[in-house]
Amino acid sequence: LGAVRNRGMEIAKGKYIYFIDSDDYLAYNTLGAIVDCLIKFNLDLIGFKTMITEKLNLFDSQTTNTPDITITNGIDFMLKNKNHRYEAWWYIIKNEYLQETQFKFEEGKFLEDVIFTFKILIHAKKFAFLPMDVHRYVKNPNSIMNNESQPHLTKLINNYVSLIHRLFNLKNELTNMNNSEQLKVLENIKYTSSLNTCFVFFKILRSNISI
């Protein structure tokens, strides 16, 4: 998935880029409001609400009017929202910003969007979260995160462990850069690492791997 997304970024011609998973969808008449905000405030990226469901027909948004938004930078947003999503489908990015930063998804790994999301938020000068009901995350039993066949669980557990190490490396990278603003998110990185450690053990309990 990371390689496909990277290839998509290389060939994309539009002003904005959005990664939506093949089994998810958006509520009707929501994309226009998002793009309007991106253009009006010249944002690097914008986030929005998601709904977890097993239904494929929830097309009506629960948000009837475009809500007010607060423009901030990515670091300040993370400091105020420790539990924000890391999946690439909860935000839309300006293509020019991606070309400038040259950030890429990790290839050959699951959970490849966690580090990517951290990096684009850390460097974003203009970010906004639009509290609007937009995205539908469809729980698919055969998806990367929900497939519970034993070979897949083993691979997913190994990728969780790998992500914890990659988060540790990101923390060290920011520490060595000694940028006072970027250092503010170290606790967020530690929190995310702890959260994924919990996920490791949750998945282990559902697998045939010995504790």
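Residues numbered from 1 in each chain as written. Predicted model: local features only at pLDDT ≥ 70, side-chain atom pairs only at ≥ 80, totals over all residues. Heavy atoms only, no water.

Draft legend 1. Here's a closer look at the overall build of the chain. Across its full length, the chain carries seven helices and six strands. Each principal axis of the C-alpha distribution contributes one length, and for the chain these read about 55 × 50 × 35 Å. Put simply, of all contacts in the chain between residues at least 6 apart along the chain, 82% involve residues at least 24 apart. As presented, the chain carries roughly 11300 Å² of accessible surface, and 53% of it is formed by carbon and sulfur atoms. (Helix = DSSP H or I, 4+ residues; strand = E, 2+ residues; numbered from the N terminus. Contact = heavy atoms within 4.5 Å. Areas by Shrake-Rupley, 256 points an atom, 1.4 Å probe, with all protein chains shown as cover.)

Draft legend 2. Inspection of the packing of aromatic side chains at higher detail. Throughout the structure, instances matching the rule amount to 14 aromatic pairs. With a centroid separation of 5.5 Å and 85° between ring planes, the pair formed by Trp90 and Tyr91 is classed as edge-to-face. Ring pairing ties together the aromatic residues Phe77, Trp90, Tyr91, Phe127 and Phe129, which thus form one cluster. The ring of Phe105 carries the charged tip of Arg5 above its face, separated from the ring centre by 5.0 Å. (Phe/Tyr/Trp six-rings, centres within 6.5 Å; stacked < 30°, edge-to-face > 60°. Lys NZ or Arg CZ within 6 Å of the ring centre and 35° of its normal.)

Draft legend 3. Seen up close, the pattern of salt bridges. Summed over the entire model, instances satisfying the criterion amount to 10 salt bridges. Note that Glu148 and Arg206 form a salt bridge whose closest N and O atoms lie 2.6 Å from each other. Here Arg206 lies in the segment after helix 7 (186-205) and Glu148 lies in the loop between strand 6 (127-138) and helix 6 (150-177), a separation of 58 residues in the sequence. Residue class for Glu148 comes out partly exposed when judged on its relative accessible area of 34%. (Salt bridge = Lys/Arg side-chain N within 4 Å of Asp/Glu carboxyl O. Buried < 20%, exposed > 50% of the residue type's maximum accessible area, 1.4 Å probe, protein only.)

Draft legend 4. Here's a closer look at helix 6. For helix 6, which comprises 28 residues, the first-to-last C-alpha distance of 41 Å matches the rise-based estimate of 40 Å (1.5 Å per residue) to within 8%. Of the positions making up helix 6, those classed as buried are His152, Leu153, Leu156, Ile157, Asn159, Tyr160, Leu163, Arg166, Leu167, Leu170, Lys171 and Leu174. Packing partners of the buried residues in helix 6 comprise helix 5 (113-123) and helix 7. Where helix 6 terminates, the next one or two residues include Asn178, which has phi positive at roughly 55°. (Expected span 1.5 Å × (residues − 1).)

Draft legend 5. Layout of the pairing of strand 6. Across the 12 residues that make up strand 6, a large majority, 10, are buried. By the bridge criterion, two bridges tie strand 2 (residues 25-26) to strand 6 in an arrangement that is antiparallel. Directly across from Leu26, in strand 6, lies its bridge partner His135. As paired elements, strand 3 (residues 45-53) and strand 6 share nine bridges and run parallel to each other. Residue Gly47 lies in a different strand from strand 6, and its bridge partner there is Phe129. Bridge count between strand 4 (residues 71-72) and strand 6: two bridges; the pairing is antiparallel. (Pairing = 2+ DSSP bridges.)

Draft legend 6. Spatial organisation of the side chain of Gln182. Checked against the element boundaries, Gln182 lands in the loop between helix 6 and helix 7. With a relative accessible area of 8%, Gln182 lands in the buried category. Those residues within four positions of Gln182 in sequence are excluded, and the remaining contacts are Ile75, Ile122, His123, Leu174 and Met177.

Draft legend 7. Summary view of the packing of helix 5 against helix 6. Where helix 5 contacts helix 6, the two axes come as close as 10 Å, and the packing angle between them is 25°. Put simply, helix 5 runs roughly parallel to helix 6. Note that helix 5 runs across helix 6; the crossing there is right-handed. Listed contacts from helix 6 to Val114, Ile115, Phe118, Lys119 and Ile122 of helix 5 are Leu163, Arg166, Leu167, Leu170, Glu173 and Leu174. Across the contact of helix 5 with helix 6, the residue classes break down as eight nonpolar, no polar and three charged. (Axes fitted to C-alpha atoms, helices over the stretch in contact; angles between N-to-C directions. Parallel < 35°, antiparallel > 145°, perpendicular 65-115°, else oblique. Left-handed = near helix turned anticlockwise from the far one by under 90°. Nonpolar A, V, L, I, M, F, W, Y, C, P; charged D, E, K, R; others polar.)

Draft legend 8. Spotlight on unusual backbone geometry. Non-glycine residue Asn29 carries a positive phi angle of around 60°. Structurally, Asn29 is set in the loop between strand 2 and helix 2 (31-40). Residues other than glycine seldom take positive phi values, yet Gln102 does so here, at roughly 60°. Structurally, the position occupied by Gln102 is in the loop between helix 4 (95-101) and helix 5. What makes Gln102 partly exposed here is its relative accessible area of 45%.

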